[in-house]
Amino acid sequence: MELQEILYSQGFGTRRVCAGLIQQGKVQVYADNSAVEPVPVADAATEFVADGLRFRVMGVDWAYHEKAYVLLHKPAGTECSQKPSAWPSIYTLLPAPLRSRPQKGAVQGVQAVGRLDQDTTGMLLLTDDGTFIHRMNSPKRHVPKVYEVTLKHAVEPALVQRLLSGVVLDDDPQPVRAAACEALDAQRIALTLTEGKYHQVKRMVAAAGNRVEALHRSQIGSMQLPPDLAPGQWRWLSPTELQAVQTAVPA
Ligand code: URA
């Protein structure tokens, strides 16, 4: 693939902008995976094998990804909307190319796979793969998600029982139940859900007679939030992690 096309596909701007960056000497390419320093490429039409290519644009290293699958550690006080109403958008935590990746000729960028509330922290996936978003959000798929819930009142066995046997939420006559629920300490529970209704954890806990004081998503599928990913940081998912987020923990 031509270098200008590679840059374009990764969200570095229009084809014309990408060609300009290369011609102005702002792009260097790593010769292979073991290369320590990238070498300048000035001809925008130079061909490279895109898969596995690493390059540097205006001093920033980038790796080619045909599709983007990234993990963000969402901090509290951020909204999952592109047009937030009161708090900064999570999208401001991502580098510009991830927000500008083109799809079918239009700038789409990555989109969050489902949403977390403004005050919820933890694992959030983002991708430009619409099929993946659809699959992950499908109620039929039952991808488990684990939430660590800090409660206002002490954990009682009856609360855990109610969450496991099912509580009725206002808009749904069918009881919703947690796939798993255990006390972590006197004030905290770990709750596993396989669906994603609006404010589901907060509403389930309220319906079971307690109140959520803090909410943190610690696991999606069989992947846990990596401890070295600080709030506000993002990183690419490895192929193994991409599998893991779609897979239930074996019983
Ligand atoms: N359930 C909630 O109530 N809020 C979230 O952010 C996620 C799940």
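Positions within a chain are numbered from 1, following the residues in the order the chain's sequence is written. Owing to the predicted nature of the model, reporting of local features is limited to residues with pLDDT of at least 70; listing and counting of side-chain atom pairs is limited to 80 or more, with chain, interface and lining totals taken over all residues. Calculation of side-chain values draws on the structure's entire complement of heavy atoms; hydrogens and water are dropped beforehand.

## Focus on the sheet that holds strand β4 (residues 60–63)
What counts is decided by this rule: Following DSSP output, two strands are said to pair if at least two bridges run between them. The helix and strand labels rest on DSSP assignments: H or I over at least four residues marks a helix, E over at least two residues marks a strand, and numbering proceeds from the N terminus.
Taken together, the four strands give an open sheet; going across it, the order is β2-β1-β3-β4, and neighbouring strands pair in antiparallel fashion. In the strand order of this sheet, the two ends are held by β2 (39–40) and β4, each with one partner.

## Focus on the environment of Q4
For the record, the criterion: When checking whether two residues touch, look at their non-hydrogen atoms; a contact exists if any pair is within 4.5 Å.
By the secondary structure assignment, Q4 is in helix α1 (residues 3–9). In sequence terms Q4 and A44 are 40 residues apart; their C-alpha atoms lie 5.1 Å from each other. Those residues in contact with Q4 that lie beyond four places of it in its chain are R15, C18, A19, I22 and A44.

## Digging into the nonpolar core
What counts, and what does not: To define a nonpolar core, start from buried Ala, Val, Leu, Ile, Met, Phe, Trp, Tyr and Cys residues and group those joined through side-chain atoms within 4.5 Å. Remark: exposure states derive from per-residue accessible area (1.4 Å probe, protein chains only) relative to the maximum for the residue type, with buried under 20%, exposed over 50%, and partly exposed in between.
In this structure, L7, F55, L126, V149, I189 and V201 are the most contacted members of the largest nonpolar core, which totals 54 residues. Among all residues touching L7, those that are not within four sequence positions of it are F12, C18, L21, I22, V27, F55 and V57. Grouped together as the second largest cluster of nonpolar side chains are 17 residues, L125, L229, A244 and V245 included.

## Quick look at the packing of aromatic side chains
What counts is decided by this rule: Two rings from Phe, Tyr or Trp (for Trp, the six-membered ring) form a pair when their centres sit within 6.5 Å of each other. Planes less than 30 degrees apart are called stacked, planes more than 60 degrees apart edge-to-face, and all others tilted. To sit over a ring, a charge needs its Lys NZ or Arg CZ within 6 Å of the ring centre and within 35 degrees of the ring normal.
What the rule picks out here adds up to six aromatic pairs. Between W62 and W236, the aromatic rings sit 5.7 Å apart at their centres with planes inclined by 75°, giving edge-to-face as the arrangement. Taken together, the residues W62 in strand β4 and W236 in strand β17 (residues 234–236) connect sequence positions 174 residues apart. Accessibility classification places W62 together with W236 in one group, the buried group. A ring pair is formed by Y69 and F132, whose centres lie 5.3 Å apart and whose planes are at 75°; its orientation type is edge-to-face. On the criterion of sequence distance, the pair formed by Y69 in strand β5 (residues 69–74) and F132 in helix α4 (residues 130–137) is long-range, its members being 63 residues apart. Like F132, Y69 is buried. A cation over a ring is seen here: R15 above Y8, with NZ or CZ 4.0 Å from the ring centre.

## Some thoughts on the pairing of β4
As paired elements, strand β3 (residues 54–57) and β4 share four bridges and run antiparallel to each other. Pairing of V57 across the sheet is with V60, part of β4.

## Some thoughts on helix α2 (residues 15–23)
What α2 keeps buried is the set C18, A19, G20, L21 and I22. Looking at the buried side of α2, the elements it contacts are α1, β1 (27–29) and β3. Count one or two residues on from α2 and you reach G25, which has phi positive near 75°.

## As for the pairing of strand β14 (residues 188–193)
Burial of β14 is extensive: five of the six residues sit out of reach of the surface. Direction of pairing for strand β10 (residues 145–151) relative to β14: antiparallel, over a ladder of six bridges. When the bridges of β14 are listed, E148 appears paired with A190. Both strand β13 (residues 180–185) and β14 contribute to a ladder of five bridges, which runs antiparallel. Opposite C181, over in β14, you have L191 as the bridge partner. Between β13 and β14, which pair antiparallel one after the other, the connecting turn spans two residues.

## Considering the domain arrangement of the protein
Put simply, the rule reads: Throughout, the edges of the domains are those of an automatic or database domain assignment. Accessible area that two parts lose when put together, with a 1.4 Å probe and added across both, is what the buried area reports. We define a salt bridge as a side-chain nitrogen of Lys or Arg found within 4 Å of a carboxyl oxygen belonging to Asp or Glu. Polar contact criterion, stated in full: a pair of N or O atoms within 3.5 Å, where within protein one must be able to donate a hydrogen and the other to accept it, and residues adjacent in sequence count only if both atoms are side-chain atoms. As a working rule, the residues Ala, Val, Leu, Ile, Met, Phe, Trp, Tyr, Cys and Pro are called nonpolar, Asp, Glu, Lys and Arg charged, and the rest polar, with Gly in that last group.
The assigned domain composition of the protein is domain 1 (3–63), domain 2 (69–139 + 223–246) and domain 3 (145–220). At the interface, seven residues of domain 1 touch 10 residues of domain 2. Carbon and sulfur atoms supply 64% of the area buried between domain 1 and domain 2, which totals about 620 Å² over both sides. The largest contributions to the domain 1 side of the interface with domain 2 come from Y8, G11 and W62, which together make up 64% of the buried area. For the pair domain 1 and domain 2, the number of links is zero salt bridges. Linking domain 1 with domain 2 are one residue pair in polar contact (both at pLDDT 80 or more), by the criterion used here. Going through the elements one at a time, α1 and β4 are the ones with two or more residues in the side of domain 1 that touches domain 2. Along the lines of polarity and charge, the residues of the side of domain 1 that touches domain 2 split into four nonpolar, three polar and no charged.

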